[in-house]
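Coordinates in review
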Amino acid sequence: MSELRHSGSVIKRAFWPSFFILPAFAFTLITNLNCNLLFWCAGCALLLGMLVFGLPKRFPATPLALAFCLYIAVLLGNHSWLDPAVTPESIYFIAYPAGSFVLFSCLTRAQGMAVFRLVMVVVCLLAGWGLLQYLTGELVLTSMGTRSTALFTTPNTFANLLGLFLLPVIAGYLYGKGDRTLYGIGCLLFAAFLTTQSRGGYLAMFCGAVSLLLVIYLCNRDLDIRNRLFRLLCGAGLILTLFLGVQYHRAVDSDWQGSGMTEAIADLDKALPLAGMAQSGGHRLMLYRIAWQRIKERPWLGHGYFNFQYFNTRDQQQPFIGFSTRYVHNDYLQVWLETGIAGLLALLVMISLFYYQSWQCLKTSAGDDRIVCIALVAALGFYFAHAMVD
């Protein structure tokens, strides 16, 4: 009986942060559709609510943690000093990731894994929702043609979330954790990821997968992953074939008359996810030019946090006049534009320290700790690559 009580108390200690973090995550998802001050405050308040109950660990004074604090300080200082138009939204975009980083840094490993598993359930539900949108056209909240978005305003954001969870699943499967369960989850997330039709996401996924295989090779050269990798590739190939088949069917269903090979090739070109790349790429190049011209005006101090949206409206060029966006679609250029050299250097130092500490962890860890570290390297490799184009 005492052992049961002890195991029950362990489970409670592992899961109690989830009662704050999961609702906060839910409010974050809602803000993608309704940018309401109430939802911003509710999400931040739930994270702060954990302070009332006390954090499991002290905030670790690691170089990476200190670099993150420096980056947040630069954002706040820049925002308070250079930006005369401080808004609740812009404060939320600084406060929420800062609070999340601090809280997750203070969780125990068991608590972090418990939160990850519960959030994974939510992500799988969102993936199923995205597949339903793509296949049936139902339950669409933000219309983006045939691209799935779940409850996000853009398919690129949805692709980013799916990629961050797909690569840890692949890492766990390659290391023999939860064979059929992880394989099924990976297939679901990959299928939903394809339906976002995010070209930047595809490129970032390639970078993340390469970094995953490279790290596994460097850290576990004696680990034989060939059979598991072959099964993954077979599943991915089948899902990709089905996806392209649906795309092709949609392209030819409405207007193809079967008059010859030329028409078939033209319809196949429309079916590929790469269709429309020229227009999308042209728009991004225009955004990059706008950002670069403004960077040259104030390279050291920047133009103020969250201010690119105003320059985009002012500096637009044909044929993209009328496109409204807050983002450069390159986070590194945007950080430089808005926060100057100080912000860009703080960001790059933080990323560099993440890889340095990860490498030190990979050299000294073993078992599940090493798998977690490899999964983080792959997921954030995807994230950092995606930040260059979306």
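Up top is the structure.
Attention in this report is confined to the structure presented alongside it. Keep in mind the model is a prediction, meaning the values are calculated, not measured. Along every chain, residues carry numbers that run from 1 in the direction the sequence is written. Owing to the predicted nature of the model, reporting of local features is limited to residues with pLDDT of at least 70; listing and counting of side-chain atom pairs is limited to 80 or more, with chain, interface and lining totals taken over all residues. Hydrogens and water molecules were not included; the side-chain quantities draw on all heavy atoms of the structure.

1. Points about the overall build of the protein
Counting from the N terminus, the helices are the DSSP runs of H or I reaching at least four residues and the strands are the DSSP runs of E reaching at least two. From N to C terminus, the protein includes 15 helices and zero strands. Counting the 390 residues in the protein, one finds 45% classified as buried. Pairs at least 24 apart in sequence give 74% of the contacts found in the protein among residues at least 6 apart. Under the convention used here, a 1.4 Å probe and the Shrake-Rupley method define accessible areas, while residue burial counts only the protein chains that appear. Of the roughly 20,400 Å² that the protein leaves accessible, carbon and sulfur atoms contribute 69%. Each residue's exposure class comes from its accessible area (1.4 Å probe, protein chains only) as a fraction of the maximum for that residue type: buried when under 20%, exposed when over 50%, partly exposed otherwise. Contacts between residues were defined by any pair of non-hydrogen atoms, one from each residue, lying within 4.5 Å.

2. Points about the layout of surface pockets
For each structure, a 1 Å grid was placed over the protein atoms alone; sets of points admitting a 1.4 Å probe that cannot get out are labelled cavities, open sets with protein on both sides within 12 Å along at least five of seven lines are labelled pockets, and lining residues have an atom within 4 Å of a point. Grid points are joined across faces, edges and corners, and a volume is the space filled by probe spheres set on the points. There is about 540 Å³ of room inside the second largest pocket. For the second largest pocket, the lining is made up of 24 residues, of which I170, F190, A209, L233 and A236 are closest to its centre. Counting residues per element, the ones that place at least two in the lining of the second largest pocket are α7 (155-174), α8 (179-195), α9 (199-219) and α10 (226-253). Its residues placed into classes, the lining of the second largest pocket shows 22 nonpolar, two polar and no charged. In this count, Pro and Cys sit with the nonpolar residues alongside Ala, Val, Leu, Ile, Met, Phe, Trp and Tyr, while Asp, Glu, Lys and Arg are called charged and the others, Gly among them, polar.

3. A look at the packing of α7 against α9
Running from N to C, α7 and α9 cross one another at 30 degrees; their axes reach a closest spacing of 11 Å. It follows from the interaxial angle that α7 and α9 lie roughly parallel. As α7 packs across α9, the resulting crossing turns out to be right-handed. Along its contact with α7, which presents G163, L166, L167, I170, A171 and L174, the element α9 presents M205, G208, A209, L212, L213 and I216. For the contact of α7 with α9, the class distribution of residues is ten nonpolar, two polar and no charged. Axis angles are defined between N-to-C directions and span 0 to 180 degrees, where every axis is a line fitted to C-alpha atoms and, for a helix, only to the segment in contact. By the definition adopted for this analysis, an angle is roughly parallel if under 35 degrees, roughly antiparallel if over 145, roughly perpendicular if from 65 to 115, and oblique otherwise. Throughout, a crossing is termed right-handed when the near helix is turned clockwise from the far one, and left-handed when it is turned anticlockwise from it by less than a right angle.

4. Observations concerning the packing of aromatic side chains
Here the distance between the centres and the angle between the planes together describe a pair of aromatic rings. For Phe, Tyr and Trp, where Trp contributes only its six-membered ring, two rings pair if their centres lie within 6.5 Å, and the inter-plane angle classes them as stacked under 30 degrees, edge-to-face over 60, or tilted in between. Overall, the coordinates contain 17 aromatic pairs when judged by the stated rule. An angle of 55 degrees between the planes, with centres 5.8 Å apart, marks the rings of Y92 and F93 as tilted. Note on Y92: relative accessible area 6%, which makes it buried. Given a relative accessible area of 28%, F93 falls into the partly exposed group. An angle of 35 degrees between the planes, with centres 5.8 Å apart, marks the rings of Y134 and F243 as tilted. Taken as a pair, Y134 in helix α6 (residues 109-136) and F243 in helix α10 lie far apart in primary sequence, 109 residues in all. Through a chain of ring-to-ring contacts, three or more aromatic side chains come together here, namely Y92, F93, Y96, Y305 and F306. Two thresholds decide whether a charge sits over a ring: the Lys NZ or Arg CZ must be within 6 Å of the ring centre and within 35 degrees of the ring normal. Just above the ring of Y173 sits the side chain of R228; from NZ or CZ to the centre is 5.2 Å.

5. Focus on helix α5 (residues 88-105)
Multiplying one less than the number of residues by 1.5 Å gives the expected span of a helix. The end-to-end C-alpha separation of α5 is 25 Å, in line with the 26 Å expected for 18 residues at 1.5 Å each. Buried within α5 are the following residues: E89, S90, Y92, I94, Y96, A98, S100, L103 and S105.

6. Here we look at the environment of G137
In this structure, G137 sits in the loop between α6 and α7. On the basis of relative accessible area, G137 is assigned to the partly exposed category, the value being 46%.

7. A closer look at a nonpolar patch on the surface
Every patch collects residues that have over 30% relative accessible area and no salt bridge, joining them within 9 Å if they carry like charges and within 5 Å if they are nonpolar side chains (Val, Leu, Ile, Met, Phe, Trp, Tyr). The rule for a salt bridge is simple: a side-chain nitrogen of Lys or Arg has to be within 4 Å of a carboxyl oxygen of Asp or Glu. On the surface, L214, Y217, L218 and W359 cluster together into a nonpolar patch covering about 410 Å² of accessible area. Sort the elements by how many residues they give to the nonpolar patch and α9 lands first, with three residues. With respect to the secondary-structure elements, L218 resides in helix α9.

8. Thoughts on unusual backbone geometry
Phi at A150 is positive, roughly 55 degrees, even though this residue is not glycine. For A150, the location among the structural elements is in the loop between α6 and α7. Residue classification places A150 among the buried residues on the basis of a relative accessible area of 0%. Look at Q197: it is not a glycine, yet its phi comes out positive at around 55 degrees. Its location among the elements puts Q197 in the loop between α8 and α9. For Q197, a relative accessible area of 8% translates into the label buried.

9. With respect to the nonpolar core
We call a set of buried residues a nonpolar core when its members are Ala, Val, Leu, Ile, Met, Phe, Trp, Tyr or Cys and they connect through side-chain atoms within 4.5 Å of each other. Grouped together as the largest cluster of nonpolar side chains are 86 residues, with contacts concentrated most on L162, L189 and L212. The dominant element in this core, judged by the number of residues it contributes, is helix α14 (residues 331-364), at twelve residues. The residues touching L212, leaving out its near neighbours within four places in the chain, are L167, I170, A171, L174, I374 and A378. C44, Y92, Y96 and L103 belong to the second largest nonpolar core, which has five residues in total.

10. Section: the pattern of salt bridges
Enumeration according to the criterion identifies four salt bridges in this entry. The partner of R294 in a salt bridge is E297, and the shortest N-O contact between them spans 3.3 Å. One end of the pair is R294 and the other is E297, both in helix α12 (residues 277-297) and three residues apart, which spans about a single turn. A relative accessible area of 12% means that R294 is categorised as buried.

11. As for the side chain of R370
Among the structural elements, R370 can be located in helix α15 (residues 368-386). A polar contact is formed between the side chain of R370 and the backbone oxygen of S365, at a distance of 3.1 Å. In this structure, R370 is in contact with C219, N220, L362, K363 and S365, ignoring residues within four places of it in sequence. Identification of polar contacts relies on pairs of N or O atoms within 3.5 Å, with a donor-acceptor requirement for protein atoms, meaning one able to donate a hydrogen and the other able to accept it, and with residues adjacent in sequence counted only if both atoms are side-chain atoms.

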